[in-house]
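Architecture and fold: a report
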Amino acid sequence: MCDSRVSTMGPRRPLLIVLFLTVFFAIFFVARYGTHDGGHIKKVEEKIEVLIHLGPEKPKDPASPCSEHLGWLEPYQFSYPIKYVARDIIVVPSTTGQRPSLTFIGEPLFDEFTTVDMTQSSTVNIKQCLPPLYLEVPQNNPGPADASNMIFSLQTTTNRLKSTVKHLARWLPHTGARLYVIVIETEELPADDEAISKLEKEFHAQGMNVTIVHPVQPLDTFPQRYFSLVSLMYEARNEKTQWITLIDDDTFFPSMHDLQKEFSRYDPRKPHYLGSLSEDWWAVNHYGLMAFGGASVFLSLPLAQTIHEHNDECKEHPRTTAGDVTVMDCIYRFSSTKLTHLPGLHQIDIHGDLSGFYESGREMLSLHHWKEGLEHLEMHKLHLVSDICDSCFLQRWQFPHETVLTNGFSLSQYPQGHISGQKPGILNTGMGGKDIEKINLEEMEKTWGDDINVLHSLAPTREKLEDGAKVQYKLLDSMMVNSDPEGQGKGDVVRQVYWREGEEEEGGGREMGTVMVLNWKKGERPPPPEG
Ligand SMILES: *[C@@H]1O[C@H](CO)[C@@H](O)[C@H](O)[C@H]1NC(C)=O
């Protein structure tokens, strides 16, 4: 409904254009030879809005007043009042199954803000509730992918593994994939057997096929434990196994469907070494052309066999303390297989504000290093929306008023004209407005702090916008809720809460904070209008 408008030129389209041009010239006239009659200008402006938003196909359901109960906001303990706005989104599968980096939508995402003060009342009356917005996504009902051709493995400490359960639960359950984990308590202490079996049960209860073991050799060092995972997985192979995969405890796969699709392009009966380089050219130059561990290291079974057969020689004197280097060294010593670079896998060796990376619209087959630092992300919350539409996670939609939604990460408002290319000027006609250099949203904004060479990995990039130029509402929380208040079970709607703190005011105090809510639901394409 929303973006079909872009491609379908209905029979009423020419009429609309004529109308539009007429009004445009009326505006031009007023602006140019203007009467400075503010009221009149406003009316003409409104007319244009109506024309733009009606669309050629059928009139939209009119927005109508409604009320919402916002008791669920209470736990956030915002300082009230706040500005509030919400929209229901119904996702429909696109006909192409493609995931565009950016999709243009002709109608605004939100109407006006409503002021909410929960200390007064938890029911708000909203003047205009917009009807649900239909958005196209690659697929809206995929269920778990079949990944029984993959074995994953990692090594970590018992404590780190405990805090990883909820993240693994986002991509591993019910896929048929197995995960082997080598755990220690600390470098000096072995893990407690009881704790191990308790953790295993926790994984199994959540549909994850996880086996937790002690180090193969009690005295194995960090890189040796990592390296031993290859043989561990090779020996655990079965008739379905095609790929064995080394990951870190903070490696995250946003879409197992996309991962499987990518791997269907490679013949698992041939030796393959697949992975991704660090974004930091220095690290590539320093360590070598290798699959960096955090992005994940994929070996086809024949190559895993080669490593397995040379396990002892390769494990003996690791050149560095990094296990992924040991794997590369062994491959380059005993086979002629070279790295195949999959740029969709991400090591993420960049630090600080990574919003430019997450807002890039690029393919994210794996993510890493999102747990660390001040800007750490709650990946299980960001990613929850994938329950509704899988790889719609981090997909981008551009709306009027210079607004871009990066699903699960942020809603961003760019400075006037910077992404629409519309010069501001009088009445947004561009007249009298100064020229603007339009931002290319296909380029990745260098928001991170490091001054490092990333072009081999992240190009094309663009300079960071000035502080405050882009107004960002970042994901604060997400949860499953029921569209039917009487509904049972875990729910059918993913509610996302985007939040922005109010700016500090001169002389103390703060402006109102803002909450933007999106409610995502699976749906069907609306029936074509009658007539
Ligand atoms: C894990 O997978 C293996 C191999 O497919 C299977 O034999 C085993 O029963 C599974 N275990 C659990 C707990 O699902």
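Right, let's walk through the structure included here. (Residues numbered from 1 in each chain as written. Predicted model: local features only at pLDDT ≥ 70, side-chain atom pairs only at ≥ 80, totals over all residues. Heavy atoms only, no water.)

1. Quick look at the pairing of strand S7 (residues 150–157)
Using the following cut-off: A simple rule labels every residue: compare its accessible area, found with a 1.4 Å probe on the protein chains alone, to the largest value its type can have, and call it buried under 20%, exposed over 50%, or partly exposed in between. Helix and strand definitions follow DSSP, with helices as H or I runs of at least four residues and strands as E runs of at least two, each counted in order from the N terminus. Note on pairing: DSSP must find at least two bridges between two strands before they are called paired.
Of all eight residues making up S7, seven are buried, and the element is well covered by its neighbours. Bridge count for S7 against strand S10 (residues 243–246) is four bridges, and the pairing is parallel. Within the sheet, the bridge partner assigned to Phe152 lies in S10 and is Thr245.

2. Side note on the packing of helix H10 (residues 301–309) against helix H12 (residues 323–334)
Formally: The convention used is that axes are lines fitted to C-alpha atoms, helices contributing only their stretch in contact, and that angles between N-to-C directions extend from 0 to 180 degrees. Under this scheme an angle from 65 to 115 degrees is roughly perpendicular, one under 35 degrees roughly parallel, and one over 145 degrees roughly antiparallel; angles in between are oblique. Throughout, a contact is declared for two residues whenever any of their heavy atoms are within 4.5 Å. Gly falls in the polar group here, along with every residue not listed as nonpolar (Ala, Val, Leu, Ile, Met, Phe, Trp, Tyr, Cys, Pro) or charged (Asp, Glu, Lys, Arg).
At a minimum axis separation of 10 Å, H10 and H12 run at an interaxial angle of 95 degrees. On the basis of the axis angle, H10 is roughly perpendicular to H12. Side by side, H10 and H12 meet where Leu303, Thr306 and Ile307 of the first sit next to Val327, Cys330, Ile331 and Phe334 of the second. Per-class residue counts for the contact of H10 with H12 are six nonpolar, one polar and no charged.

3. Details of the site of the ligand
Counted only if it meets this: To be near a molecule or strand, a residue needs just one of its heavy atoms within 4 Å of it. Using a 1.4 Å probe, accessible areas were evaluated by the Shrake-Rupley method; residue-level cover was limited to the displayed protein chains.
All residues adjacent to the ligand are Arg178, His204 and Asn209. Its free accessible area being 370 Å², the ligand has 37% of it covered by the protein chains.

4. Details of H10
Put simply, the test is: By arc we mean the arc of the directions from the helix axis to the C-beta atoms, nothing more.
Those residues of H10 that sit buried are Leu301, Leu303, Ala304 and Ile307. The buried residues of H10 all sit within an arc of 160 degrees when viewed along its axis, so they share a single face. Looking at the buried side of H10, the elements it contacts are helix H7 (222–235), S10, strand S11 (273–275), strand S12 (297–300), helix H11 (311–316) and H12.

5. Observations regarding the environment of Asn209
Locating Asn209 in the fold gives a position in strand S9 (residues 209–213). The class for Asn209 is partly exposed, based on a relative accessible area of 39%. Between the alpha carbons of Asn209 and Ala177 there is a distance of 6.9 Å; along the sequence they are 32 residues apart. Every residue in contact with Asn209, bar those within four places of it in the chain, is listed here: Ala177, Arg178 and Leu179.

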